[in-house]
Structure formats: structure tokens, C-alpha cells
Amino acid sequence: MAVSVDPLVVGRVIGDVVDMFVPTVTMSIYYASKHVTNGCDVKPSMAINPPKVSIDGHPDHLYTLVMTDPDAPSPSEPSMREWVHWIVCDIPGGTNPTQGKEILPYMGPRPPVGIHRYIFVLFQQNGPMGTAVQPPASRANFNTRLFADHLNLGLPVATVYFNAQKEPISRRR
Amino acid sequence: MAMAMATAADIGSSRWSMVSLKSALPPLTPITSSVRLPCVRRQRPTKCPQLVRSFTGLSPVNPLHSLGFSDQTSFGHNFTIIDNGHRFSAMRHGRRVPKLNRPPDQRRALLRGLTTQLLKHGRIKTTRARASAMRKYVDKMITLAKDGSLHKRRQALGFIYEKQIVHALFAEVPERYGERNGGYTRIIRTLPRRGDNAPMAYIELV
């Protein structure tokens, strides 16, 4: 019997990437008409381009969005945990990441082995970041908690994750 | 038919009572297991208080028993006691081995293949029955790797289909699962499969 029914706890997103938090902002993510729900399956071929993210929140507040993969390169041996795919800062509330500053350009999921979780974490900023944020030196071995600590972002305000696996090269007959 | 009998009996006696009819029929339920509920309504003094029936097996209810006791007197309703497919019991009493709808050799091959793939990929998506049947074998393999001796390695090589996976397993399990006692997998249920609505689950190494 599951101790908790929250999909983020069941999928170990809370624990591996973020700490327990109280969601205060609604975030909807769409990959070309597919709405991303916790634990849903998205094909890497559908996720080549950045998704449409709609954040509701006060327009005076600024938000930071981070997309990471904690199962790189393989869920059984995550030696490169986490692999960061996208970082956008200074997103005004009620809009989408195109209005923000893209610190790290979007990279689509490309899981080599196994089924990977891809997690979108939204933080609320205390003030505009501007040039205070440096892109990380490499995408591998990223730590979302440390990143949030460096920029004083605190706990996240919204989190969604989806699963993706390598697609077979040729279609089965 | 009930009314015909009632009118015939009314000719003989002023009040028709059920006692004579009930004594003529075979007993409805064993007397020790029946529970008598208090009679709530008083408009029908001739009817006996409702009895809660114990499990009477698969035989259809004798139509004569349901004369004044229930309102389902048609013949089609008399078979609705058991309605759970082919299961005789709602519990798991005595079921030790999940059969997975396969003969024993195929079942063993299926479980060997599934554990090999799980140890190779770290997280796989299968049906819920297979995921919960696999847990025992995955835990067994990790326990063999924790021990680490040559004999255990050869036992693992006899179960897992690919030998690089066994060697990788024996190399990394002691530092990864050194402190954990058991429970090396986690099952997360997910949406059913589209083709046959089979309940699916992710099983992953903790």
C-alpha cells in the first residue's frame, strides 16, 4: 500500500530532485496539443521543440523554470544525475517562458537506456535576476537544490514530470 | 401463483398463515447461521421477519422460497447470487505462486527475461501482474550480488540471460544497496494499455 498518493512522491520526484513543497502556482505544459500530466508518456520525437508552458500567477512576480532529467544516462546507474535540459529566468507571472530570459537553451529528451523522468520545476524569484545567473559549465551533474540555493529561490512553487524512453528505430510490423 | 394459493386457502380458513407452507418446504438456511432482523413495519403481520441469508452456494434459489421474501420472483433473477466471474472466493487464500497464464517453463523464461531487462534498463513498464510477480526474483538476484562469492555469481549467471549484466550487478550492488535490507524495487501503477485495457505499472530499482 502506497504511503502517499501524491504522484510526485510516488514517482520519487520529491526526494531525488526537489524537497517536499506546497504547490502555489498552476503550471500547464503542452507538447503540441498533448497535455503533460505527472507520469505520462511523451515520445522524444514529440518533444524536440520547447513546449508551451502557461503559468498563472501575479504579473508582478518573476519565475524561474528548470527542466532536468535525474536518470541520466540510465535509471539503474544515474552517474550523470541530473542532466539539465532548460533554464529560463525572469518569466513574468501569467505568461510563458518566451517572455523570460533563456539561460540554457532547450535540449529535447534523448534517453539512451531505460525510461527516464523529465521534471519541470518552477521557482518564484524574489527579484529580477538579469545577469546574476550564470549558465552551468556543463549539463551533467546538475543539482536543482544547489541551484535554487545559489539564487535564493527557496522551495519550488510547481512541479510536473513526464516519462520518456528511446523510440524504436523502425516501426514494428 | 401466490395469489391463487392464497385465495384457495382463504376458502378453507379465515387467515392464511405461512407456517404450514414453510414446514412443508425444505429448510431455507441452516438455523444456527441465520440472523433475524427486527421487523420494522407492522402493516404485514402475516409475513415472517426478513432473514439475512448465509452463502448458499451456486445453486439457484428455489423459486418457492422467494414467494413472499423478495420481490425478484422471476426465474431470471434466481441466479444472481454469485457474480464475480470465475472466482469462488474474494480473497487470496492459499495462492502462493502467480501463474501468469503460462505453463511453468514459459513462466520461468518470462520472469528471467523481465528481470534481465529490469537490471539492464533500471525501469521498465509491464502489466501489474507481471511487475508484482517479478519482485521476488529481482530481490533474489540483488541478494546474490550482495553476497558476492563465486558460487553466487555462477548462480546468477544461470538465471540472467546476459553475462555483462551479472558482472555489472556484482560490481555496483554492494555500494548501492549495502545498507538497504530488502525491498529493492518499486512499483508505480499507471494508465491501462490501449489495446486490451490491461492495467500497467512501472517497476524500477530503488
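The preceding data block contains the structure.
Below, the structure is looked at part by part. The shown structure was predicted, so the numbers you read here are calculated from the model rather than taken from an experiment. (Residues numbered from 1 in each chain as written. Chains lettered and ligands numbered in written order. Predicted model: local features only at pLDDT ≥ 70, side-chain atom pairs only at ≥ 80, totals over all residues. Heavy atoms only, no water.)

1. Considering the packing of aromatic side chains
For step 1, the next point in the chain: In total, this model carries seven aromatic pairs over all chains according to the counting rule given.
For step 2, the next point in the chain: On the numbers, 5.6 Å between centres and 80 degrees between planes, the contact of Y31 of chain A with F162 of chain A is edge-to-face. Linking Y31 of chain A in strand β1 (residues 27-31) with F162 of chain A in strand β9 (residues 158-165), this pair joins segments that are 131 residues apart in sequence. The exposure classification of Y31 of chain A matches that of F162 of chain A, with both residues buried.
For step 3, the next point in the chain: Ring geometry for Y137 of chain B versus F159 of chain B: centroids 5.8 Å apart, planes at 5 degrees, classification stacked. Of this pair, Y137 of chain B sits in helix α4 (residues 128-147) while F159 of chain B sits in helix α5 (residues 150-159), and the two are 22 residues apart along the sequence. (Phe/Tyr/Trp six-rings, centres within 6.5 Å; stacked < 30°, edge-to-face > 60°. Helix = DSSP H or I, 4+ residues; strand = E, 2+ residues; numbered from the N terminus. Buried < 20%, exposed > 50% of the residue type's maximum accessible area, 1.4 Å probe, protein only.)

2. Focus: the sheet that holds strand β8 (residues 115-125) of chain A
Pairing between the strands of a sheet is mediated by backbone hydrogen bonds and can be parallel or antiparallel.
For step 1, the next point in the chain: As summarised here, the arrangement of the six strands in space is β3-β9-β8-β5-β6-β7 (chain A), forming an open sheet in which the pairing is mixed. Two strands lie at the open edges of the sheet, namely β3 (40-41) and β7 (101-104) of chain A, each paired on one side alone. (Pairing = 2+ DSSP bridges.)

3. A short note on the interface of chain A and chain B
For step 1, the next point in the chain: Contact residues are listed per partner, giving 16 residues for chain A and 14 residues for chain B.
For step 2, the next point in the chain: Taken together, both faces of the contact between chain A and chain B bury some 1200 Å²; the carbon and sulfur share is 48%.
For step 3, the next point in the chain: In terms of surface lost to chain B, no three residues of chain A exceed V10, S76 and I115 of chain A, which account for 40% of the buried area on that side.
For step 4, the next point in the chain: At the boundary of chain A with chain B, the tally comes to two salt bridges. (Contact = heavy atoms within 4.5 Å. Buried area = accessible area lost by both parts, 1.4 Å probe. Salt bridge = Lys/Arg side-chain N within 4 Å of Asp/Glu carboxyl O.)

4. Remarks on the environment of S33 of chain A
Residues and elements named next belong to chain A.
For step 1, the next point in the chain: Within the fold, S33 resides in the loop between β1 and β2 (34-35).
For step 2, the next point in the chain: Look at S33 and you get exposed, because its relative accessible area is 70%.
For step 3, the next point in the chain: In this structure, the C-alpha to C-alpha distance between S33 and P51, residues 18 residues apart in sequence, is 9.6 Å.

5. Section: unusual backbone geometry
Residue and element names in this part refer to chain A.
For step 1, the next point in the chain: The peptide bond linking A72 to P73 adopts the cis configuration, its omega dihedral lying at -10 degrees.
For step 2, the next point in the chain: In this fold, P73 is placed in the loop between β5 (62-69) and β6 (83-92).
For step 3, the next point in the chain: The omega torsion of the bond from R81 to E82 falls at -10 degrees, within 30 degrees of zero and hence cis.
For step 4, the next point in the chain: Inspection of the secondary structure assignment puts E82 in the loop between β5 and β6.
For step 5, the next point in the chain: The phi dihedral of D90 falls on the positive side, at around 55 degrees, and the residue is not glycine.
For step 6, the next point in the chain: By the secondary structure assignment, D90 is in strand β6.

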